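Observations on the model geometry
Read off the chains here:
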Amino acid sequence: MHEDGIGGAHGVTGPVTPSGADQEFLALERELTVLLRRARANQGEMAREVHPDLESSAYGLLIRLDELGGQRATELAAYIGVGKATMSRQLRALEDLGLITRQPDPADGRAWLVTLTDEGRGRVGTVREARRARYVSQLAHWDRHEVAELARLLHELNGVMER
């Protein structure tokens, strides 16, 4: 058990607070709160690095398109968790900035596929590479297995949170 009273072994519960909450889950909530606050701030910085007029919330759309290629607006809206009107507004703004383009979906002529433009792909790639370099620098003292384990655990947590 750590000095702060937080157990590290699987299946071991630590002290319970007066409110009845396990210390491990309180620590998890605290650390996730800090992580999410920092992530929101970083997302805003990265969005501005892609383009000074890019909204913070649109950065995630660009990452999704960079990773998966062409997507329908409805798929993007479901992934981000916004309605059609909000997605339409965000896509229009990204199109106006020259970062995305819309083309008819070859599988369904009634739908459109959203893709990154060459300019968008280049800008997103530059920002992502700089972010990866920051992670490498900040976590240089970590063993690569620890980095892989953190990535695995976050992936598992994200999967649970999607359900």
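Residues numbered from 1 in each chain as written. Predicted model: local features only at pLDDT ≥ 70, side-chain atom pairs only at ≥ 80, totals over all residues. Heavy atoms only, no water.

For the chain, an unreviewed UniProt entry supplies the name MarR family transcriptional regulator and the organism Streptomyces sp. 900105245.

Looking at the element boundaries, Val-82 is found in the loop between α3 (73-80) and α4 (84-96). By relative accessible area, which is 27% here, Val-82 ends up partly exposed. With sequence-adjacent residues up to four places away left out, Val-82 is seen in contact with Ala-77 and Met-87. (Helix = DSSP H or I, 4+ residues; strand = E, 2+ residues; numbered from the N terminus. Buried < 20%, exposed > 50% of the residue type's maximum accessible area, 1.4 Å probe, protein only. Contact = heavy atoms within 4.5 Å.)

Now for the pairing of strand β2 (residues 100-105). Alignment of β2 against strand β3 (residues 108-116), held across six bridges, turns out to be antiparallel. Bridge pairing in β3 places Gln-103 opposite Leu-113. Counted between consecutive antiparallel strands, the loop separating β2 from β3 contains two residues. (Pairing = 2+ DSSP bridges.)

Once that is clear, we can look at the sheet that holds β2. Working definition: the strands of a sheet are paired by backbone hydrogen bonds and lie parallel or antiparallel to each other. Across the sheet, three strands lie side by side as β1-β3-β2; this open sheet has antiparallel pairing. Two strands lie at the open edges of the sheet, namely β1 (71-72) and β2, each paired on one side alone. Bridging between β1 and β3 involves two bridges; their strand directions are antiparallel. Of the residues in β3, the one forming a bridge with Gln-71 is Val-114. Docked against the sheet, helix α2 (residues 59-68) engages β1, β2 and β3, running at close to 100° with respect to β3. (Axes fitted to C-alpha atoms, helices over the stretch in contact; angles between N-to-C directions.)

Moving on to the nonpolar core. Val-50, Leu-54, Leu-62, Leu-94 and Ile-100 are the most contacted members of the largest nonpolar core, which totals 21 residues. When residues of this core are assigned to their parent elements, the largest contribution, five residues, is made by α2. Among all residues touching Leu-62, those that are not within four sequence positions of it are Val-50, Leu-54, Leu-94, Leu-99, Ile-100, Leu-116 and Val-124. (Core = buried A, V, L, I, M, F, W, Y, C linked by side-chain atoms within 4.5 Å.)

This paragraph deals with the packing of helix α1 (residues 23-50) against helix α5 (residues 118-138). Taken N-terminus to C-terminus, the directions of α1 and α5 make an angle of 140°; their axes are 9 Å apart at the nearest point. Of the possible angle classes, the one that applies to α1 and α5 is oblique. When the axes of α1 and α5 are compared, the crossing they make is right-handed. Where α1 approaches α5, its residues Met-46, Glu-49 and Val-50 are matched on the opposing element by Arg-123, Val-124, Val-127, Arg-131 and Arg-134. Split by residue class, the contact of α1 with α5 holds four nonpolar, no polar and four charged. (Parallel < 35°, antiparallel > 145°, perpendicular 65-115°, else oblique. Left-handed = near helix turned anticlockwise from the far one by under 90°. Nonpolar A, V, L, I, M, F, W, Y, C, P; charged D, E, K, R; others polar.)

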